[in-house]
Amino acid sequence: MSKLPATGTNIFTIMSALATTHQAINLGQGFPDYQMDATLVNLVHTAMQEGFNQYVPMSGYTPLLQTLANKIETLYHHQINPATDITITPGGTYAIYTALISILHPGDEVIVFQPCYDSYIPNIIINGAIPVLVDLEFPGFTIDWEKVKSKITHKTRAIIINSPHNPTGTILYENDLLALQQIILDTNIIIISDEVYEHIVFDNEKHESVLKYPELANRSFACFSFGKVFNATGWKLGYAVAPQHLMNEFKKVHQYNAFSCNSPMQVAIHHYLQQPDSYRQLSTIQQQKRDYFSELIKTSKFNLLPSKGSFFICADYSGISTEPDTQFAIRLTEQYKIATIPLSVFYENKTDNRIIRVCFAKKESTLQQAAEKILSI
Ligand code: PMP
Ligand code: GLN
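Here the structure is a predicted model, which means the values were calculated and not measured. (Residues numbered from 1 in each chain as written. Chains lettered and ligands numbered in written order. Predicted model: local features only at pLDDT ≥ 70, side-chain atom pairs only at ≥ 80, totals over all residues.)

When its secondary structure is counted, the protein shows 14 helices and 13 strands. At 20 Å, the protein has a C-alpha radius of gyration in line with the 21 Å of a compact globule built from 377 residues. With respect to the three principal axes, the spread of C-alpha positions in the protein is 55 × 55 × 45 Å. Looking at the protein as a whole, 47% of its 377 residues qualify as buried. (Helix = DSSP H or I, 4+ residues; strand = E, 2+ residues; numbered from the N terminus. Rg over C-alpha atoms; globule rule 2.2 N^0.38 Å. Buried ≥ 20, exposed ≤ 12 C-beta atoms within 10 Å, placed from the backbone.)

With that settled, consider the domain arrangement of the protein. Here the domain parsing of the protein yields domain 1 (11-30 + 281-375) and domain 2 (38-272). Centre-to-centre, using C-alpha coordinates, domain 1 lies 26 Å away from domain 2. Across the boundary between the two partners, domain 1 contributes 24 residues, which contact 25 residues of domain 2. Where the side of domain 1 that touches domain 2 is concerned, the elements lending two or more residues are helix H12 (282-296) and strand E10 (312-316). With 5 residues, H12 is the single largest residue contributor to the side of domain 1 that touches domain 2. Within the side of domain 1 that touches domain 2, the residues separate by chemical class into 12 nonpolar, 8 polar and 4 charged. (Domains from an automatic or database assignment. Contact = placed C-beta atoms within 7 Å. Nonpolar A, V, L, I, M, F, W, Y, C, P; charged D, E, K, R; others polar.)

What follows covers the site of ligand 1. Near ligand 1 lie 15 residues; those nearest to it are Gly91, Gly92, Thr93, Asn166 and Ser225. Considered class by class, the residues forming the shell around ligand 1 number 2 nonpolar, 10 polar and 3 charged. (Near = placed C-beta within 6 Å.)

The subject of this paragraph is helix H2 (residues 38-49). Relative to the 16 Å expected for 12 residues at 1.5 Å per residue, H2 spans 16 Å between its end C-alpha atoms, a close match to the ideal helical length. Those residues of H2 lying buried are Leu40, Val44 and Ala47. Along the long axis of H2, the arc covered by the buried residues comes to 65°, so they all point the same way. Along H2, the residues that are exposed and aim more than 90 degrees away from the buried face are Ala38, Thr39, Asn42, His45 and Gln49. (Expected span 1.5 Å × (residues − 1). Arc of directions from axis to C-beta.)

Looking at the protein, pLDDT values average 97 and 100% of them are 70 or higher. In the model output, the complex is listed with pTM 0.97 alongside ipTM 0.97. (pLDDT = per-residue confidence, 0-100.)

Rendered as structure tokens:
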């Protein structure tokens, strides 16, 4: 019997395949179509030539762990022990999954906000745990913390948060983190904080990491992705940060799963992160893309919702069609040669607000070609 009976092929695979079949511009799956920084590529090459081609320690290349600990202290004023509190993982998704496996027992409840990144709910269900859904408030996709409070029971084991948010591009603010901290104060709830877009935050807003809040940091797994940060999604490399008692459990799982991750890339990232500006330009670059694309299609029939971070912006197409969003996204790909992702797939109960998710982390020429097609609708 299937352990995930309700789970089919994920939407990213489906829409990317459809984009290829119809030779459509792929603004669906979240990956850049431009080259990553050649400096980092060269650093990998050098690391390989210097012989960093064998296993690094289970939790990661030791100097990289120290570099990440320093970065966390600089950005979030949180001190961690690199020997015990970080593990390098094969991507952010793996970090989230491993965190969940390491804490969940059958029957545990996990609060998840929807719409949400598509891996969370299957990750919960496969552990025999129960997703407890809280809708983000429409249309701003904000969290009503009173609703969260009302869903907490003695079975609540974890809450998954994600900022900047995929698929909506919204972010959590200080008052959100403080509300969360207050709600879980007298509980044993663990936070899984998906922060893979930590360096892609717009309009001079700041990323609010759980690591900035001591009460949260003491009971959180914060999950990150080098793929997202360094325009190298195919690298599938990331890391998890947690206090030692939680990270111990994480490592018990990790050591018999991946055990350790790609060595030359870890060496290269360690060197790359010594440059003070290695991640500081990322928000500016993506904000320019968001603004460029928004300006190009401002006279179209789509209504763009605010995006405050991530690679994504949501577009309301109710001025164009009353079709369900999946049907609309497929037609957009087949007829107008633009692939996007329908927002309803990020809801467990398929709420359909006539919205599609658009990835703007693309070359200007791609965005321009896409805009021409969009303006013809
Ligand atoms: N979380 C979110 C919200 C994401 O958008 C992504 C990127 N697909 C991930 C996690 C996973 O990142 P990675 O590719 O490093 O597994
Ligand atoms: N994170 C990317 C997205 O949301 C892709 C994830 C994937 O392909 N599994 O588009």
